[in-house]
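Inside the fold
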Amino acid sequence: MDQTKIGHDRYDVLLDRFIDEHRDHLHAVEINGLRDWKENQRTIDLDRQACLPLVSGGDRHGREPNVLLNLTNKTHMSEFIEEVRAGAGRILVIPQYRRPLPLRIIENFCDIAGDEPMHGLDWTRWSDRIFRYCDDGKVRTLAEMCAGREPLILRATTSIFRLLGSRRLHPVLEWAMPEPQELG
């Protein structure tokens, strides 16, 4: 993905050069559940061109599993890695991937910024789970740095996302968002 906006032609040249120079250090090419199908299809094409294994991934910090899952019957990570490197990996696309990407991103943000207890930890508010190294060398949570009161801009942003993430609004948002691309 041309995140630097240098143009697809230039990006492709640099990507090819990167793969040629660093192939020995590349283990796989990743398709991502929080990317659209067009971008993932380009990654699959790259996978075929570069003769690298394909694996699913993507950072999910919410509660729902990724919409692209690596399938295996292996019991140890090392066995799974061998399976992927041998090109025998399988990826399952779950139905949620067909939902509009912007809506899935909103839902993911709502999971991340939700105020819920975290597995027996004392992190109920989302601002309890954001950490920063401070000038005095101590690590503090966002809640500590803000004396328990989130800045107005953060409160406003999370409130808007929580409203958009409301299950009652999903039908309206799905109607208003572009149709997801068909999977190849």
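Our structure's up above, just so we're on the same page.
A few points on the structure. (Residues numbered from 1 in each chain as written. Predicted model: local features only at pLDDT ≥ 70, side-chain atom pairs only at ≥ 80, totals over all residues. Heavy atoms only, no water.)

Bringing the overall build of the protein chain into the picture now. Each helix and strand counted, the protein chain has seven helices and six strands in total. Put simply, the protein chain runs from its N terminus to its C terminus through helices and strands in the order α-β-α-β-β-α-β-α-β-β-α-α-α. For the protein chain, whose C-alpha radius of gyration is 20 Å, the value lies well above the compact-globule estimate of 16 Å for 184 residues. A principal-axis box enclosing the C-alpha atoms of the protein chain has dimensions of 50 × 45 × 40 Å. Looking at the protein chain as a whole, 29% of its 184 residues qualify as buried. A fraction of 56% describes how many contacts in the protein chain between residues 6 or more apart in sequence connect residues 24 or more apart. Accessible area for the protein chain stands at about 12,700 Å²; split by element, carbon and sulfur atoms hold 56% of it. (Helix = DSSP H or I, 4+ residues; strand = E, 2+ residues; numbered from the N terminus. Rg over C-alpha atoms; globule rule 2.2 N^0.38 Å. Buried < 20%, exposed > 50% of the residue type's maximum accessible area, 1.4 Å probe, protein only. Contact = heavy atoms within 4.5 Å. Areas by Shrake-Rupley, 256 points an atom, 1.4 Å probe, with all protein chains shown as cover.)

Turning to the pattern of salt bridges, a few remarks are in order. If the charged atoms of two oppositely charged side chains come close together, the side chains can form a pair. Under the definition given, this model contains six salt bridges. Where Arg99 meets Glu107, a salt bridge forms, and the shortest distance between an N and an O atom there is 2.8 Å. The exposure class of Arg99 is buried, given its relative accessible area of 19%. Judged by its relative accessible area of 12%, Glu107 is buried. Between Arg99 and Glu174 there is a salt bridge, with its nearest N and O atoms 3.2 Å apart. Of the two residues, Arg99 sits in the loop between β4 (90–93) and α4 (101–112) while Glu174 sits in helix α7 (residues 170–176), which places them 75 residues apart along the sequence. (Salt bridge = Lys/Arg side-chain N within 4 Å of Asp/Glu carboxyl O.)

So, on to the packing of aromatic side chains. All chains considered together, the criterion is met by two aromatic pairs. Ring centres 4.3 Å apart and planes at 45° place the aromatic pair Phe109 and Phe161 in the tilted group. Of the two residues, Phe109 is situated in helix α4 and Phe161 in helix α6 (residues 152–164); the sequence distance between them amounts to 52 residues. The exposure class of Phe109 is partly exposed, given its relative accessible area of 27%. Note on Phe161: relative accessible area 25%, which makes it partly exposed. (Phe/Tyr/Trp six-rings, centres within 6.5 Å; stacked < 30°, edge-to-face > 60°.)

For Cys51, which is not glycine, the phi torsion reads 55° and is therefore positive. For Cys51, the location among the structural elements is in the loop between α2 (37–50) and β2 (54–57). On the accessibility criterion, Cys51 (68% relative accessible area) is exposed.

Here we come to the packing of α4 against α6. The contact between α4 and α6 brings their axes to 9 Å, and the two run at 125°. On the basis of the axis angle, α4 is oblique to α6. The two elements α4 and α6 cross, and the hand of that crossing is left-handed. Facing Ile106, Phe109 and Cys110 of α4, the residues of α6 in contact are Thr158, Phe161, Arg162 and Leu164. Partitioned by chemical class, the residues of the contact of α4 with α6 number five nonpolar, one polar and one charged. (Axes fitted to C-alpha atoms, helices over the stretch in contact; angles between N-to-C directions. Parallel < 35°, antiparallel > 145°, perpendicular 65-115°, else oblique. Left-handed = near helix turned anticlockwise from the far one by under 90°. Nonpolar A, V, L, I, M, F, W, Y, C, P; charged D, E, K, R; others polar.)

Our next topic: the pairing of β2. As paired strands, strand β1 (residues 29–32) and β2 are joined by four bridges and run parallel to one another. Bridge pairing links Ile31 to Ser56 in β2. Remark: the β1/α2/β2 crossover connection has right-handed handedness. (Pairing = 2+ DSSP bridges. Right-handed = clockwise from strand over helix to strand, strands pointing away.)

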